Amino acid sequence: MKKILAVALALVMMLAVSVPAFAVDIAADGGTGESVVRTSTQNEDGEEAAGFTVSIPAENIVPWDATSTDFQYTVTSQLAPNKAVRVDVDDPTGDLLMTDTNGLTLAYWIQNSFAVMDGPVVDAQACTFTVCVDTEAWDAAPVSAYSDTLTFTASIVDV
Amino acid sequence: MKKLLAMALAVVMMLAVCVPAFAADITTDGGTGTAIIKTSTQTAGGEDGAGFTVTIPAENTIYWDAQSTSLTYTVTSQLGPNTGVQVTVDDTDKAYVMTDENDYTLAYTLADTTGITTSPVVNAQAFAYTVNVAEAAWNAAVVSEYADELTFTAELVAI
């Protein structure tokens, strides 16, 4: 009895594997049937299609005495519905000070420090952030090359 | 051949100018990238941010019989780190003699003829130099208006 059951089960499994999932058979002349085509969110290699790229300029020059300097980065994304890329620009040390090779400092702050893209699919959407330096800070600073490193953090948010 | 090379070089240079230097691409959710902000020592108009002004009184009055008269000038500067302005006051013709319209003369000396700013960035820092006329010279002088021309020389020095 067990053998019979085992053989029967094996047959059922084989049939289940080999038979394509035909939902409808049209047997009558002029008959109709329906089928669904559905995309996958993965490509043929199994990689997730959703993704984004944030392109950040290597170096951003602030002219001397400029109290407000705009800089741009771009975002290209293709995400799920109601999703978008958010980018935050910040000074990782939190002190918002540019320094020169002598240890002299120049205070600044960042305007428009984050941006959320217009939608899930954007092509090189340009985003602007602004580096601001007070006139008083410029006036008090020895003329030198001051610099700081900014961190860009990208995340996916609901929109 | 030369023309071709020149054109190729021109194209390469144009491309080098046009392509922005994107340092980093962020492609993952929560990914980060960094960029540098750096000040230029030139303004947006291409002018050098460093500079100084020495303000010299057009005329300095020495009262009759005054053996020591302190006269001032001011320096405003914004320079590179560890750089100051040195101002030297001297008689243009090195004779150290004031003359009147009748060519009468009055000898004098100068003291504290060199001033150096205390910092790269100073705002109207005042300096005094002294014009000395000996009592004997006053006593021997015909009462008249004596004058001489002084030269102020300003230069950058390490401080």
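Residues numbered from 1 in each chain as written. Chains lettered and ligands numbered in written order. Predicted model: local features only at pLDDT ≥ 70, side-chain atom pairs only at ≥ 80, totals over all residues.

## A few points about the pairing of strand E4 (residues 68-78) of chain B
All names here are of chain B. As paired strands, strand E3 (residues 51-55) and E4 are joined by five bridges and run antiparallel to one another. Bridging from a neighbouring strand, Thr-55 pairs with Thr-74 of E4. Bridge analysis of E4 against strand E10 (residues 121-132) gives 10 bridges, and the strand direction is antiparallel. Of the residues in E10, the one forming a bridge with Ser-77 is Val-122. (Pairing = 2+ DSSP bridges. Helix = DSSP H or I, 4+ residues; strand = E, 2+ residues; numbered from the N terminus.)

## Thoughts on the interface of chain A and chain B
By a widespread convention, an interface's size corresponds to the accessible area lost as its parts come together. Listed as interface residues are 39 residues of chain A and, on the opposing side, 32 residues of chain B. Elements supplying a minimum of two residues to the side of chain A that touches chain B: strand E1 (51-57), strand E2 (59-62) and strand E10 (147-158) of chain A. Examining the composition of the side of chain A that touches chain B, we find that 10 residues originate from one element, E10 of chain A, more than from any other. In terms of residue class, the side of chain A that touches chain B is built from 24 nonpolar, 11 polar and four charged. Summarising the sheet, E2 of chain A and strand E2 (residues 32-39) of chain B pair through four bridges and their orientation is parallel. The residue bridging Val-62 of chain A from the neighbouring strand is Thr-39 of chain B, located in E2 of chain B. (Contact = placed C-beta atoms within 7 Å. Nonpolar A, V, L, I, M, F, W, Y, C, P; charged D, E, K, R; others polar.)

## Examining the environment of Tyr-108 of chain B
Residue and element names in this part refer to chain B. Along the chain, Tyr-108 turns up in the loop between strand E7 (105-107) and strand E8 (109-111). Counting along the chain gives 29 residues from Tyr-108 to Ala-137, while the straight-line C-alpha distance between them is 8.3 Å. Sequence-distant contacts of Tyr-108, that is, excluding residues within four places in its chain, are made with Tyr-96, Met-98, Val-131, Asn-132 and Val-133.

## Focus: the nonpolar core
Judged by nonpolar contacts, the single largest core of 30 residues is most densely connected at Val-54, Val-75, Val-85, Val-87, Phe-152 and Ala-154 of chain A. In this structure, Val-85 of chain A is in contact with Phe-52, Val-54, Val-75, Ser-77, Met-117, Ala-154 and Ile-156 of chain A, ignoring residues within four places of it in sequence. Among the nonpolar cores identified, the runner-up in size contains nine residues, and Trp-64 and Val-143 of chain A together with Phe-52 and Val-85 of chain B belong to it. (Core = buried A, V, L, I, M, F, W, Y, C linked by C-beta atoms within 7 Å. Buried ≥ 20, exposed ≤ 12 C-beta atoms within 10 Å, placed from the backbone.)

## Quick notes on the pairing of E2 of chain B
Burial of E2 of chain B is one-sided: the residues Gly-33, Ala-35, Ile-37 and Thr-39 of chain B facing one way are buried, the residues Thr-32, Thr-34, Ile-36 and Lys-38 of chain B facing the other way are not. Two elements, E10 of chain A and E2 of chain B, share seven bridges in a ladder whose sense is antiparallel. Bridge assignment links Thr-151 of chain A to a residue of E2 of chain B, and that residue is Thr-34 of chain B.

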